[in-house]
Each structure stands twice: as C-alpha cells, then as structure tokens.
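A structural walkthrough
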Amino acid sequence: MNGAAIAVAPEAGCRALLPGHDFVDAYQVVVHFPGLEARPAADAIIKHPPGWIKQLMATRNGVVRLFRLKTVEIGVDDPRSSQRTVGGFPLVAQSPQEVVLGFDDKHLDFRISVTVLQGPAATQVTVSTVVKTNNLLGRVYLAAVMPFHRVIVRHLLEHARFNQHQP
C-alpha cells in the first residue's frame, strides 16, 4: 500500500484537456519507485480494481444503459476492440510523463490524466479528472457520482502496485 493520496491543485495542462470544463480535481501520491513512467502507473492504478469498485461500476453501467449512455468495464481491456484502452478507458494520448484517457458522451465529456514527476528516490503520481457537462443529465450525473469518484480515485492511488507494472 502507498501513502495517503492527497488532493492537489490540478496542473494547468490538464485544465486544457477539455476547454469549458465544469469540474476538475487532482489527487497525488508519492511512491518510492524512481523511474516510473505514466503508462505503467496508469496500468497499476486502473487495471486491478477491488471487487467493491467493480460492483459500483456495474451498478453505474446498469443505470446509464437506461439512458443509452456509454459503459465502462473498469479493469478490463477487450483485445478484440480496435480502440486502445487502459483498464477499460479509451486511450486519448500517451507519453512517458502522461497518459490521457476518456471519451465524449451525450451527457458529458471526461478525461483522466495520469502524470508522473520523477525524483531521485521517488515518483509523484497524480490522477486528474476533468469533466465538461453537456446538458442537465450531465450535471445531475456529475453531482450523483462525485462522492463515489473521490473515494474511488483515492483508493486506487493508495492501493496501486506500481512495482508490478514496469515494462
């Protein structure tokens, strides 16, 4: 288990991922794993969620299907899909320092940014979430999921096994 994930000010770069966004937050953990790059960090955070998070996402998927919104099976990458994903989330951009995931939907657009800042003995890993709502449904959805979002992101950061996801 890593140290406690703390809320930090989102970087200016992540704010630019969705111009006109309605919500942005960021959580960070310091891991004693120098040289960690963004893709292995994103894999460690997203690909192995605990059962309670999978169940919350399954419940979410059941509800949003009623509104014909997109679903995500967290932790699962479909090898048959033509779209590259990380833990079920579409890959938007990737560099050694940042991985951006997300998609646009009828109710809202979102991006998840996983960034790494390497130091001599440790790496800062930051997960930022940026959301732009598109209508009333998006605003209601965002308000409903926000308490869960905060708990889930912190838990995933604090419990990620970064040392098991190096190439």
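Rules behind the numbers
Residues numbered from 1 in each chain as written. Predicted model: local features only at pLDDT ≥ 70, side-chain atom pairs only at ≥ 80, totals over all residues. Heavy atoms only, no water. Buried < 20%, exposed > 50% of the residue type's maximum accessible area, 1.4 Å probe, protein only. Helix = DSSP H or I, 4+ residues; strand = E, 2+ residues; numbered from the N terminus. Contact = heavy atoms within 4.5 Å. Core = buried A, V, L, I, M, F, W, Y, C linked by side-chain atoms within 4.5 Å. Axes fitted to C-alpha atoms, helices over the stretch in contact; angles between N-to-C directions. Parallel < 35°, antiparallel > 145°, perpendicular 65-115°, else oblique. Left-handed = near helix turned anticlockwise from the far one by under 90°. Nonpolar A, V, L, I, M, F, W, Y, C, P; charged D, E, K, R; others polar. Salt bridge = Lys/Arg side-chain N within 4 Å of Asp/Glu carboxyl O. Expected span 1.5 Å × (residues − 1). Arc of directions from axis to C-beta.

In terms of burial, helix α2 (residues 38-46) is a largely internal element, 8 of the 9 residues being buried. Taken residue by residue, α2 has A38, P40, A41, A42, D43, A44, I45 and I46 as its buried positions. The secondary structure elements touched by the buried residues of α2 are β3 (85-86), β4 (89-94), β5 (98-104), β6 (108-118), β7 (123-133) and α4 (136-159).

To continue, consider the side chain of H149. Residue position: H149 is located in helix α4. For H149, a relative accessible area of 14% corresponds to the buried category. Apart from residues no more than four positions distant in its own chain, H149 is found in contact with F23, D25 and T129.

Let us look at the nonpolar core. Residues I45, F89, L101, V114, V125, L157 and F162 are the most contacted members of the largest nonpolar core, which totals 41 residues. Elements represented by at least two residues in this core include exactly β2 (23-31), α2, α3 (51-65), β4, β5, β6, β7 and α4. At 7 residues, the largest contribution of residues to this core is made by α4.

At a closest axis distance of 11 Å, the pairing of α3 and α4 adopts a crossing angle of 160 degrees. By the angle between their axes, α3 is roughly antiparallel relative to α4. At the point where α3 passes α4, the crossing takes the left-handed sense. Between α3 and α4, the residues in contact are W52, I53, L56, R60 and V64 and Y141, F148, V151, I152, H155 and L156, respectively. Split by residue class, the contact of α3 with α4 holds 9 nonpolar, 1 polar and 1 charged.

All chains considered together, the criterion is met by 4 salt bridges. Taking the shortest distance from any N to any O, the salt bridge between D43 and K47 comes out at 3.9 Å. D104 is the partner of R111 in a salt bridge, and the nearest nitrogen-oxygen pair spans 3.0 Å. Among the charged side chains, a network of salt bridges with common partners joins R39, D43, K47 and D77.

A separate point is α3. With 15 residues, α3 extends 21 Å between its outermost C-alpha atoms, agreeing within 8% with the 21 Å of an ideal straight helix rising 1.5 Å per residue. All of the buried residues in α3 are I53, M57, R60, N61 and V64. Buried residues of α3 fall within an arc of 100 degrees about the axis and therefore sit on the same side. Opposite the buried face of α3, by more than 90 degrees, sit the exposed residues G51 and Q55. Tucked inside the fold, the buried residues of α3 contact α4.

These values are about where atoms sit, not about what they do.
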